[in-house]
Amino acid sequence: MMTGASAGMPVPDRLRAAVGADGIVTDPERLAGLSHDVAGPAGALPLCVVAPETLPALQRAVAAATESGLAIVPRGGGMSYTGGYAPSAEGSVLFDMSRLSAVAEIDTANRHAIVEAGCTWASLHDALRSTGFRPPSFGPLSGGASTVGGAVSHNAMFFGSGSAGSIAGSVLGLEVVLSDGRLLHTGVLRPEAVDALPHGPDPTGLFVGDCGAFGVKARIALRLAPVAGGEAFLSTAFDDPLAMLDAQTALAGRPGLGECFSFDRQAHRNILDRRIGFREKLGAVSGVARGTGGLARAARLPAEGLGFLERADYSLHLSVDGDDARHAAARAEALRAELAQRGGADLPDTIPRVTRARPFGPITALLGPRGENWLPVHGALGLARAAGCMAALQDRFQTVAGDMAEAGVTCTVLTVLAPRCVLVEPQFFWPDRLSPFHLAHATPEQVRLYRETPENPRARALVFELRNAAADILQAHGAAHMQIGRYYPLLSRLTPAQADIHRRIRAALDPDGRMNPGVLEG
Ligand SMILES: Cc1cc2nc3c(=O)[nH]c(=O)nc-3n(C[C@H](O)[C@H](O)[C@H](O)COP(=O)(O)OP(=O)(O)OC[C@H]3O[C@@H](n4cnc5c(N)ncnc54)[C@H](O)[C@@H]3O)c2cc1C
């Protein structure tokens, strides 16, 4: 429940001076939009949002907030859904990283890039385009708007994750502003230098997945690897979701697997119904393809568009990398044969092909196909545990199928494969009013089309109940969560020794408890 916030509290002069007049927002409407995530509003509006433009300004602003007794809440692209940047209590400052967004260094000879934490994956992708290099795990699906700092703070995964896993394996070092304003270098990063390896014990991992609880990431060194010489794609239809999940998990760790993700019947319906979304990507890619013969051949898009999804109940989509096109095609063919043995039937490969061709477009998925609200919940499961968890989720949703249909709630379950785990993500859709978050982040066309949608408290209550039920089921099957934020429990899942060490580390880094209070608790 949002309270009257920090209304009436003055913004400290030192904080204003640190970021300059154009680096501070105090307008309540903008504060509401920037502190509200897709799952709901902040517990209290921040006193202000600051957007430092330089590293010294960030350090001065963090120190000023701490000395003024204010909480520091970092915000990247705002694309998360577990309250990580939604302050829990009054007296906080939201640190908007959007003006610290440069690609600072690309060093292909030494196989690293250094970015400011507010750099989006789209910007990094563009900057690396002509180099022939990229990070092995190269961003989440939200990378058109989400930042490298946000992904590292969540240990996100998607592009490249079939072989490279989550972003953790691509992070070489960090520069982190601690709550007193000091700058901590980790991993290979040192002042004015980049080491070949971390020199001695390396705390980088502490800050990966910390949801901003340990400090504000200012700069990040990422590993670069050569982009594969060839890529191939395949899509396979299945009749049964558990057979598909078995087939998907059996592919874990296969060489060259880039992305490996699945859709269900409801997801197919959503793609086909969506006025704004994948069809636009497809249009953009085929538009480019029509323009040039080479790309047209490379894109190889079927004339029927996405109509094949109407024939498939469940579908698995793979991108496969190889030394050259023939190598990638041979790898893909071996995987196709294996999936066929497990009951998979060939589909056109449009979905993985277009997803790779245009990885980081505008974000249209913040609303459902007809402007519905959207809320995901996820868990990363051990490969052998995924099928049991999926069956339990399906059973749970089945018991409330009547209520869901009556309230207009739909659910789809996305799965994404990494070498040692599979991400299982139920996503709920329901007709409801647009929130301040949607008004700030949905596309202008979505806002125009759907801004008059009325409140739907009944459907919303059902969705939040189902989200909690799904989180319980995922946790009962041993799921780990990537964006713990203010939603998923942490301390209660640790052993007493782990919880004690966690608290001591947090207190050592942030003795006054100023850094994003409320995350990594529970
Ligand atoms: C449409 C959509 C698709 C998505 N797809 C994926 C996907 O494919 N894979 C996936 O893993 N997730 C996905 N997500 C979830 C989310 O977008 C990712 O976790 C993303 O990495 C969040 O980055 P962000 O910049 O938006 O961070 P924010 O949402 O702004 O912040 C996330 C957390 O990190 C902290 N933080 C942000 N920047 C910093 C910083 N510089 N220093 C310290 N802490 C910081 C914040 O305090 C907060 O706790 C998706 C979300 C959406 C809406």
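The next subject is the pattern of salt bridges. For the structure on display, the rule yields 25 salt bridges. Between D321 and R356 there is a salt bridge; the shortest N-O distance is 3.0 Å. Highlighted residues: D321 in strand β16 (residues 314–322) and R356 in helix α13 (residues 350–357), separated in sequence by 35 residues. Both residues of the pair, D321 and R356, belong to the buried class.

Residues in close proximity to the ligand total 36 residues, the closest being P74, S80, S142, T147 and M157. Take T147: an N or O atom from its side chain is 2.7 Å from an oxygen atom of the ligand. For the ligand, a nitrogen atom lies 2.8 Å from a polar atom in the backbone of K217. Contact with the protein chains hides 95% of the accessible area of the ligand, taken as 980 Å² for the molecule alone. Of all the secondary structure elements, the ones that give two or more residues to the shell around the ligand are β3 (71–75), α5 (148–154) and β12 (216–223). Counting residues per element, the shell around the ligand draws most heavily on α5, which supplies 5 residues. Taken together, the residues of the shell around the ligand sort by class into 18 nonpolar, 16 polar and 2 charged.

This part covers the nonpolar core. By size, the foremost hydrophobic cluster in this structure holds 126 residues, and its most contacted members are L15, L58, F95, I220 and L318. Of the residues forming this core, the biggest block, 8 residues, is contributed by helix α18 (residues 457–476). In contact with I220, not counting residues within four places along its chain, are A113, I114, V115, A117, V148, G149, V152, V171, G173, L174 and L189. Judged by nonpolar contacts, the second largest core, of 17 residues, contains L34, M79, Y85 and F437.

In a pair of packed helices, the angle between the axes and the distance between the axes together describe the arrangement. The contact between helix α8 (residues 241–250) and helix α14 (residues 386–399) brings their axes to 10 Å, and the two run at 155 degrees. Looking at the two axes, α8 sits roughly antiparallel to α14. For the pair α8 and α14, the crossing hand works out as right-handed. On α14, the residues touching P241, L242, L245, D246 and T249 of α8 are A386, A387, M390, A391 and Q394. Here the contact of α8 with α14 is built from residues that sort into 7 nonpolar, 2 polar and 1 charged.

A separate point is the domain arrangement of the chain. Looking at the chain, the domain boundaries give domain 1 (13–99), domain 2 (103–226), domain 3 (228–361) and domain 4 (365–483). Centre-to-centre, using C-alpha coordinates, domain 2 lies 29 Å away from domain 4. Buried surface at the junction of domain 2 and domain 4, summed over both partners, amounts to about 720 Å²; 74% is from carbon and sulfur atoms. Taken together, the links from domain 2 to domain 4 amount to 0 salt bridges. Taken together, the connections running from domain 2 to domain 4 amount to 0 residue pairs in polar contact (both at pLDDT 80 or more). In terms of residue count, helix α6 (residues 161–164) provides more of the side of domain 2 that touches domain 4 than any other element does, 4 residues in total. Residues that form the side of domain 2 that touches domain 4 fall into these classes: 5 nonpolar, 6 polar and no charged.

This model, assessed by the stated rule, comprises 10 aromatic pairs. Where F159 meets F360, the ring centres are 5.3 Å apart and the plane angle is 75 degrees; that geometry is what we call edge-to-face. Of the two residues, F159 is situated in the loop between α5 and α6 and F360 in the loop between α13 and β18 (373–376); the sequence distance between them amounts to 201 residues. Taking the relative accessible area as the measure of exposure, F159 reaches 0% and is therefore buried. Centre to centre, the rings of Y487 and Y488 are 4.9 Å apart; their planes meet at 65 degrees, and the pair counts as edge-to-face. Connected via pairs of aromatic rings, a cluster forms that spans F138, F158, F159, F261, F263 and F360. Here the basic side chain of R134 rests over the ring of F138, its NZ or CZ set 4.1 Å away from the ring centre. Over the ring of Y487 we find R467, and its NZ or CZ is 3.7 Å from the ring centre.

Turning our eyes to something else, we now look at the pairing of β12. Burial runs high along β12: 6 of the 8 residues are buried. The pairing of strand β6 (residues 112–116) with β12 spans 5 bridges and is classified as antiparallel. Each residue of the ladder has a partner; that of I114, found in β12, is A221. Where strand β8 (residues 171–177) lies against β12, 6 bridges are found, and the strand directions are antiparallel. Each residue of the ladder has a partner; that of G173, found in β12, is A221.

Reading guide: rules and limits
Residue indices follow the written sequence of each chain, beginning from 1 at its first position. For this predicted model, a pLDDT threshold of at least 70 governs which residues receive local features, and a threshold of 80 or more governs which side-chain atom pairs are given and counted, while totals over whole chains, interfaces and linings are taken from all residues. Excluded from the side-chain calculation are hydrogens and water; included are all heavy atoms of the structure. By definition here, a salt bridge exists when the distance from a side-chain nitrogen of Lys or Arg to a carboxyl oxygen of Asp or Glu is within 4 Å. Where helices and strands are cited, they refer to DSSP runs of H or I of at least four residues and of E of at least two residues respectively, numbered from the N terminus. Buried means the residue's accessible area, taken with a 1.4 Å probe over protein chains only, is under 20% of the maximum for its type, while exposed means over 50%, and partly exposed covers the values in between. Definition of nearness: a residue and a molecule or strand are near each other if at least one heavy atom of the residue lies within 4 Å of the molecule or strand. Pairing of N or O atoms within 3.5 Å defines a polar contact, subject to two protein rules: one partner must be a possible hydrogen donor and the other a possible acceptor, and residues neighboring in sequence count only if both atoms are side-chain atoms. With residues, only the protein chains shown are counted as cover, and all accessible areas are computed by Shrake-Rupley using a 1.4 Å probe. Only Asp, Glu, Lys and Arg are considered charged, only Ala, Val, Leu, Ile, Met, Phe, Trp, Tyr, Cys and Pro nonpolar, and every remaining residue, Gly among them, polar. Throughout, nonpolar core names a set of buried Ala, Val, Leu, Ile, Met, Phe, Trp, Tyr and Cys residues whose side chains join them through atoms within 4.5 Å. Residue contacts are counted whenever heavy atoms from the two residues lie within 4.5 Å of one another. In this analysis an axis means a line fitted to C-alpha atoms, helices contributing only their contacting stretch, and an angle means the value between N-to-C directions, from 0 to 180 degrees. Angle categories are assigned with fixed cut-offs, so that under 35 degrees is roughly parallel, over 145 is roughly antiparallel, 65 to 115 is roughly perpendicular, and the rest are oblique. Crossing handedness is read from the near helix: turned anticlockwise from the far helix by less than a right angle, it gives a left-handed crossing, and turned clockwise, a right-handed one. As annotated, the domain borders come from an automatic or database domain assignment. Each of two parts loses accessible area, computed with a 1.4 Å probe, when they are put together; buried area is these two losses added. Whether two aromatic rings pair depends on their centres lying within 6.5 Å, for rings of Phe, Tyr and Trp, where Trp uses its six-membered ring; planes under 30 degrees apart make the pair stacked, over 60 edge-to-face, and the rest tilted. Lysine NZ or arginine CZ positioned within 6 Å of the ring centre and within 35 degrees of the ring normal marks a charge as sitting over the ring. Being paired, for any two strands, means DSSP has found at least two bridges between them.

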